[in-house]
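# A closer look at the structure
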Amino acid sequence: MRGVALLISRRERKAGTMHVTDEMIDSEILPAAKFFAGLPPATSFVGDLEPFRDELVQYMQNLADAGIDSQWKVYPGCIHMFDSVAPDATVTKQAMEFLMDRFDYARKHFFAEQK
């Protein structure tokens with residue numbers, strides 16, 4: 001149940017399309033820091049028009065709440081896969097710069113030297 005419940009959005013529950021109650025989520029899932037503990041750092045970005053924006057933001061916040069180094073950005077006016085649809089757009093360049101900056105940070109702070 002827990003794995004399934006994690007994938008059900010609040011919109012679906014409010015719309016009544018899934019038979020999962022807030023109480024089930026709150027009592028079984030939200031104390032879920034233990035599920036996120038020990039995961040690696042995470043970086044993501046999403047457009048505010050993305051259908052799964054809320055789920056991405058909640059996931060990233062759950063990681064942060066569990067002490068995981070996680071950073072994300074929400075780009076106003078952007079749709080799902082905006083970076084692929086408009087690769088030359090200014091907002092895509094900003095998103096790629098954010099992603100590459102975070103990758104560079106991860107490379108410097110989280111990678112083990114290979115022998």
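Basis of the calculations
- Residues numbered from 1 in each chain as written.
- Predicted model: local features only at pLDDT ≥ 70, side-chain atom pairs only at ≥ 80, totals over all residues.
- Heavy atoms only, no water.
- Helix = DSSP H or I, 4+ residues; strand = E, 2+ residues; numbered from the N terminus.
- Buried < 20%, exposed > 50% of the residue type's maximum accessible area, 1.4 Å probe, protein only.
- Contact = heavy atoms within 4.5 Å.
- Areas by Shrake-Rupley, 256 points an atom, 1.4 Å probe, with all protein chains shown as cover.
- Phe/Tyr/Trp six-rings, centres within 6.5 Å; stacked < 30°, edge-to-face > 60°.
- Polar contact = N/O pair within 3.5 Å; in protein donor to acceptor, adjacent residues only side chain to side chain.
- Salt bridge = Lys/Arg side-chain N within 4 Å of Asp/Glu carboxyl O.
- Core = buried A, V, L, I, M, F, W, Y, C linked by side-chain atoms within 4.5 Å.

## Regarding the overall build of the protein
Tallying secondary structure elements over the protein gives seven helices and two strands in all. Reading the protein from its N end, one meets helices and strands in the order α-α-α-α-β-α-β-α-α. The burial tally for the protein puts 24% of its 115 residues in the buried class. Once local pairs closer than 6 in sequence are excluded, the contacts in the protein between residues at least 24 apart make up 60%. Put simply, the protein shows about 8,000 Å² of open surface, and 58% of that area lies on carbon and sulfur atoms.

## A look at the packing of aromatic side chains
Following the criterion strictly, the structure yields five aromatic pairs and no others. When the ring of phenylalanine 45 is compared with that of tyrosine 75, the centres are 6.1 Å apart and the planes differ by 85°; the resulting orientation is edge-to-face. Of this pair, phenylalanine 45 sits in strand β1 (residues 42–47) while tyrosine 75 sits in strand β2 (residues 70–75), and the two are 30 residues apart along the sequence. With relative accessibility at 15%, the residue phenylalanine 45 sits in the buried group.

## Considering the side chain of arginine 102
Looking at where arginine 102 falls in the secondary structure, it is placed in helix α7 (residues 90–109). Given the relative accessible area of 9%, arginine 102 is considered buried. Side-chain polar atoms of arginine 102 contact the side chain of threonine 43, separated by 3.0 Å. Not counting the four nearest positions on each side in its chain, arginine 102 is found in contact with Ala42, Thr43, Asp69 and Gln71.

## Things to note about the pattern of salt bridges
With the rule as written, the count across this model stands at four salt bridges. A salt bridge links aspartate 54 to arginine 53; its shortest N-O distance comes to 2.9 Å. The class for arginine 53 is partly exposed, based on a relative accessible area of 26%. Its salt-bridge partner being aspartate 69, residue arginine 102 comes within 3.1 Å of it at the nearest N-O pair. Of the two residues, arginine 102 sits in helix α7 while aspartate 69 sits in the loop between α5 (53–65) and β2, which places them 33 residues apart along the sequence. Among the charged side chains, a salt-bridge network with shared partners connects Asp104, Arg107 and Lys108.

## Here we look at the nonpolar core
Listed in full, the six residues of the largest apolar core are Phe45, Tyr75, Cys78, Phe82, Ala95 and Phe98. Residues contacting tyrosine 75, with those up to four places away along its chain left out, are Phe45, Val46, Gly47, Asp48, Phe82, Val91, Gln94, Ala95 and Phe98. One finds Phe36, Ala42, Met60 and Leu63 within the second-largest nonpolar core, a separate group that totals five residues.

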